[in-house]
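# Coordinate inspection notes
Residue strings, one per chain:
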Amino acid sequence: MYSKEVWKNGDIPTAKQILQRAFKFLDSNADIWLALIKLESVEQNYDQVRELFKEARARVTNERIWYKYVTFLRQSESTNEALELIEDGLMNFPSCFKLYMQKAQILEESGDLVKARNVLSVGTKSVPDSVELWIYLSDIDFKLDNGTKARSDLDLGLLKNPQSDKLWFKKLQLELKLKNIDQIKVILTKALNEFPHSSYLWSFNLTFNTKKSLRKTLYQDALNATNNDVRVLIIIGYNFWID
């Protein structure tokens, strides 16, 4: 987008003019609205940001407008308004996982973990392919001292999303919190068989297997399997540093 290049060069007023001219032809384009909102945010014109969000909602049917407006309201400490907006948003975009996430986050921040869990439970039913919702639901159940339910959440999430290596990674992290070391070994072997090139799983493998005698071989295997993924490189670098 031309306006972005102009903005990068420090000319925000001209960038705004470019976007405002674009509105004459593309007034229902979410990207243009969000770009203008970002420029106003950079200049800390928060009253104008609020007005632009309201106008954008009226003109554009796009879930990004909604959840970014919710983010703005949360940052402005307008929590009740944010919750109201989320409710309206879910009526229009019932499959927007980010709105469920935001609502649960607000409730968790207020200390109501049970209500946060209820929101996420509904969310996983409405958007079962959202890995993020399953992980968040599991995290909340763990915080509610229900490790068994937290494990069940991830298992069900994997049934709905069998191609998610991140859910396997979270299963491993959960069992580590629960100190089920033998179970970790079983899960890790199975997960790496399913996803032999996953940087998530190899990064866990590197941190879990701490025997120095195995490190050289393990490092080489991890680098080869993940094509020198940055996540793996960071862990290896950290281990060399602490040694």
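Residues numbered from 1 in each chain as written. Predicted model: local features only at pLDDT ≥ 70, side-chain atom pairs only at ≥ 80, totals over all residues. Heavy atoms only, no water.

### Brief notes about unusual backbone geometry
To be explicit about the condition: Residue exposure (1.4 Å probe, protein chains only): buried if accessible area is under 20% of the type maximum, exposed if over 50%, otherwise partly exposed.
Notably, Gln44 is not glycine yet its phi reads approximately 60°, a positive angle. Under the relative-accessibility criterion, Gln44 is labelled exposed at 55%.

### Structural notes on the environment of Ser126
Counted only if it meets this: Elements are defined by DSSP. Helices are runs of H or I of four residues or more, strands are runs of E of two residues or more, and each kind is numbered from the N terminus. Residue contacts are counted whenever heavy atoms from the two residues lie within 4.5 Å of one another.
Its location among the elements puts Ser126 in helix 8 (residues 113–126). Not counting residues up to four positions away in its chain, the partners in contact with Ser126 are Pro94 and Tyr100.

### Describing the packing of helix 9 (residues 131–143) against helix 11 (residues 165–177)
What counts here: Axis definition: a line fit to C-alpha positions, over the contact stretch in the case of helices; interaxial angles, taken between N-to-C directions, run 0 to 180 degrees. Our angle categories are set so that under 35 degrees counts as roughly parallel, over 145 as roughly antiparallel, 65 to 115 as roughly perpendicular, and the remainder as oblique. Each residue is assigned to one class: nonpolar for Ala, Val, Leu, Ile, Met, Phe, Trp, Tyr, Cys and Pro, charged for Asp, Glu, Lys and Arg, and polar for all the others, Gly among them.
Put simply, helix 9 and helix 11 touch, their axes get as near as 10 Å, and they point 10° apart. Here helix 9 lies roughly parallel to helix 11, going by the angle between them. Counting all contacts with helix 9, which are made through Val131, Trp134, Ile135, Ser138 and Phe142, the residues of helix 11 involved are Lys166, Leu167, Lys170, Leu174 and Lys177. Of the residues in the contact of helix 9 with helix 11, the class split is six nonpolar, one polar and three charged.

### Remarks on the side chain of Ser138
Stated formally: N or O atoms closer than or at 3.5 Å make up a polar contact, with two conditions inside protein: a donor-capable atom paired with an acceptor-capable one, and, for residues adjacent in sequence, both atoms drawn from side chains.
Mapped onto the elements of the fold, Ser138 is located in helix 9. Among the residues examined, Ser138 registers a relative accessible area of 4% and is labelled buried. A polar side-chain atom of Ser138 sits 2.9 Å from the main-chain carbonyl oxygen of Ala150. Excluding its chain neighbours within four sequence positions, the residues that come into contact with Ser138 are Ala150, Asp153, Leu154 and Leu174.

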